[in-house]
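Inside the fold
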Amino acid sequence: MKVDKSTGSGMAKIHIEEDGSYFQVRQDGGTQKLEKAKISLGDCLACSGCVTSAETVLITQQSHEELRKILDANKTAAPSQQRLVVVSVSPQSRASLAARFQLTPTDTAKKLTAFFKKIGVHYVFDTAFSRNFSLLESQREFVQRFRGQASSTQTLPVLTSACPGWICYAEKTHGSFLVPHLSTARSPQQVMGSLVKDFFAQQQHLTPDRIYHVTVMPCYDKKLEASRPDFFSQEHQTRDVDCVVTTGEVFKLLEEEGVSLSELEPAPLDSLCNGASAQEPTSHRGGGSGGYLEHVFRHAARELFGIHVDEVTYRPLRNKDFQEVTLEKEGRILLHFAAAYGFRNIQNLVQKLKRGRCPYHYVEVMACPAGCLNGGGQLKGPSTTSKELLQHVQMLYDTVTVQVPEDAPGVQELYEHWLQGEGSERAGRLLHTSYRAVEMASSGLSIRWRPEVPRGPRTSPWAQVCDQCSLYCLETQVRPRPVGSLRQSESGIPPPHSWSHPCQTGGEPSGPGRQGTLAREECAAHSTPRWGWRTCPTWNWALKTPWSLGPDSLHFCAVPGRKQALLERPREIRC
Amino acid sequence: MKDSLVLLARVPAHPDSRCWFLAWNPAGTLLASCGGDRRVRIWGTEGESWICKSVLSEGHQRTVRKVAWSPCGNYLASASFDATTCIWKKNQDDFECVTTLEGHENEVKSVAWAPSGNLLATCSRDKSVWVWEVDEEDEYECVSVLNSHTQDVKHVVWHPSQELLASASYDDTVKLYREEEDDWVCYATLEGHESTVWSLAFDPSGQRLASCSDDRTVRIWRQYLPDNEQGVACSGSDPSWKCICTLSGFHSRTIYDVAWCQLTGALATACGDDAIRVFEEDPSSDPQQPTFSLTAHLPQAHSQDVNCVAWNPKEQGLLASCSDDGEVAFWKYQRPEGI
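Residues numbered from 1 in each chain as written. Chains lettered and ligands numbered in written order. Predicted model: local features only at pLDDT ≥ 70, side-chain atom pairs only at ≥ 80, totals over all residues. Heavy atoms only, no water.

**A look at the domain arrangement of chain A**
Residues and elements named next belong to chain A. Each assigned domain of chain A is listed with its residue range as follows: domain 1 (1-37), domain 2 (61-129 + 189-268), domain 3 (133-186 + 284-431) and domain 4 (449-575). Between the C-alpha centres of domain 2 and domain 3 the distance comes to 25 Å. Residue-level contacts link 37 residues of domain 2 with 39 residues of domain 3. The three residues of domain 2 that bury the most area against domain 3 are Q92, F129 and V191, which together make up 21% of that side's buried surface. Between the two partners, domain 2 and domain 3, sit three salt bridges. Residue R186 pairs with D240 through a salt bridge whose shortest N-O separation is 3.0 Å. Where domain 2 packs against domain 3, one counts 18 residue pairs in polar contact (both at pLDDT 80 or more). (Domains from an automatic or database assignment. Contact = heavy atoms within 4.5 Å. Buried area = accessible area lost by both parts, 1.4 Å probe. Salt bridge = Lys/Arg side-chain N within 4 Å of Asp/Glu carboxyl O. Polar contact = N/O pair within 3.5 Å; in protein donor to acceptor, adjacent residues only side chain to side chain.)

**Focus on the side chain of S227 of chain A**
Structurally, S227 of chain A is set in the loop between α9 (221-226) and β8 (232-233). Given a relative accessible area of 16%, S227 of chain A falls into the buried group. (Helix = DSSP H or I, 4+ residues; strand = E, 2+ residues; numbered from the N terminus. Buried < 20%, exposed > 50% of the residue type's maximum accessible area, 1.4 Å probe, protein only.)

**Side note on the sheet that holds strand β4 (residues 40-46) of chain B**
Residue and element names in this part refer to chain B. Taken in spatial order, the four strands of this open sheet run β2-β3-β4-β5, and their pairing is antiparallel. Looking at which strands have only one partner, the edges of the open sheet turn out to be β2 (19-24) and β5 (49-56). Across this sheet, the average inter-strand angle for adjacent strands is 30°, counted without regard to direction. Summarising the sheet, β2 and strand β3 (residues 30-35) pair through five bridges and their orientation is antiparallel. Directly across from C19, in β3, lies its bridge partner G35. (Pairing = 2+ DSSP bridges. Axes fitted to C-alpha atoms, helices over the stretch in contact; angles between N-to-C directions.)

**A word on the packing of aromatic side chains**
Inspection of the entire model under this criterion finds 29 aromatic pairs over all chains. Ring geometry for F125 of chain A and F200 of chain A: centres 5.3 Å apart, planes at 85°, overall edge-to-face. Residue F125 of chain A is located in strand β5 (residues 123-126), and its partner F200 of chain A is located in helix α8 (residues 188-203); the two are separated by 75 residues in the primary sequence. There is no split in this pair, since F125 of chain A and F200 of chain A are both buried. Measuring from ring centre to ring centre gives 6.3 Å for Y75 of chain B and W113 of chain B, while their planes differ by 35°; the resulting arrangement is tilted. Highlighted residues: Y75 of chain B in strand β7 (residues 75-80) and W113 of chain B in strand β10 (residues 108-113), separated in sequence by 38 residues. For the residue pair Y75 of chain B and W113 of chain B, the accessibility class agrees, reading buried in each case. Chaining the aromatic ring pairs together yields one cluster made of F142, F146, F297, F305, F337 and Y362 of chain A. (Phe/Tyr/Trp six-rings, centres within 6.5 Å; stacked < 30°, edge-to-face > 60°.)

Here's what the structure looks like:
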């Protein structure tokens, strides 16, 4: 809708006809009918202030209740319809449970296995096994990219991609800039997905869709990772990971079953391949977020410069979530790596990158301060402070015996027999993935600017609004949000109009397609029903109807004939 | 009371748009104004009149909402609805944009420099407050992202002498932050206002904080340290803040800005009823329960909502104000006799 800027500043009045149409009354007495604003869903700014979108839905689709449903369905299904349920537990979740139940990680692993099998799960694995592959691929990838620096296709620094919270942010903001830097190695969760749905399925003589793969993770963002289209097999119509449950959800499961983990009899640990049948879980060096920096650093030092690094020395920079590691020889810096955890450090890293002032070759990026052990899905302590609890979880995590990925039993055999060699096409397909920049529906900066709003001291803010429900914000100069079609009742008082407002109002969430109603309030002065106004928390503007406004500003009353008398200078609602 | 506030000059600072904010430089010689025309203008005196010395355009793609001078007076920060904050460096009469702070998801509503000069705070409609640190090479790094508020954050202001940050929000609260170990934390929330808190101002000593709100009141808050004489309870080692005075009934509409004169202690307010008011504390009132009297009230200071009032830091009684009508006005305030 084209709105012409009115010239000059003069007092303009708005007159509302009985039929609800608006006329602007100019100073010279002439009238001009004001057009109705036409709004479409394209005007939605995707501010995600409302109950949105794919992400929330995705997260709620995966929960411990989903797992329950599958397990229950298994009990009553015919043998050919039953699914093989596999649960892969992350070392971080295990450490969190160990801290809560005062157990060693080994005992926790065994008792968790017992618990899951008790409720109908068939196999319980440890994602530390799949992490070996993730680390090995990361190591190899970095050396390749470092060596290929001369050719412009290889971009440094390499940024880790195991953290889905970071990936979501990277893809959405500065997507096209950051994506080329991301490591293509799959995260341990998704390598496990390949292992279970490809290798293990073959072993069990099942098609991948007959396996229900659950992972236990320390955060909710892993649910988003599992839902990525890249991890969905079109051929078998199944995801590599069907359901992600957080540590907290496992705790809920335990509570619902009335089971205390410490009281269970430990069960022997399962392993994916015979070569890896240890009775104790294993882990990796380099911290609670997988150890990417540590492993890639030591491997690169050896491969690229023939230097053997014993202890990796971390140097904290401005805060403990931003650390640096350097490999120096004769005063020259050969390798410059960093670990950046938490949003503020990610911000600084991205800004440095954008300005071309990033000195690092490799950065381990994690969205959560203190890393995965402090993930959003981990258990919160009932009595200890969160700092003490985190330290306890870290301590338990560190007690697990570490292994070098190259030497981990079963890994080399799988490379040979399952993947047909390192660097093979199969290895590339099953152990790597890709990312793409996401164009936000509209970020604040890419808003398509609306036609010029007539300025001037007395221009009514309702000039470009729906004739039933005025939604306008002058401060951000954005036009009204979609309100759907509205009918007028005979009495002239708007009916409780149904409307689809993508924004939250009056505390009632109303998502796209849902209906909400404005609350009715009595006009104190005239005791006539008027539509109360609510403030839209996203846009901070008052949802006004032509019949009312907030206290002591423009007040219309539904009583015919009184509207003119009450007209004051139109007050814009400032947000 | 009308004579206590006299108009000195009126300039059409931002024609055809609104003037949002004003900031005097620490020396009191220049006034920066910003507006809906996406520009920042620097004003200085030439003889008796105020002239525009520089125009900072090309910095922002949308309305510039606030400007702030660094304590040394060599830098100017401008916060804009385009989600960025520009840092301008002053080179005699020229200003050059040396860096742009990005990161906020949407409109940046306020920016403020810490008295030490190497910390900057910004706040935004994305409900967060960011603290930035600047090093010797003019490099800015984000030190902390604070997500304490539940709604749009309207204003941030630093304590005049301590490294303490205050923010005002649409969620009706004022929050205070300080540095703890290697991160910033919110250590106090001031509740009491019944609507959006639009602006904040510390008094010259830094012991009291004034907040103004859409609920048409100005509240004065005071900090009580643990083991204070007045017996105000504190939790642990955190100071406690109490509302010691509420100025209500003076304003008929939303109060958009409050400014506390660092020289005289007079309190000026900018109101949506187009008026400017000045309050002074009664000298005989109890410091724990002060009373303020209205010493100046100019009903038609501007032809539209007054958005900002700013006391000159060096010249006593010199007050600047700006409005939706795009004009900047300069006033001389004289405390009336017999108060």
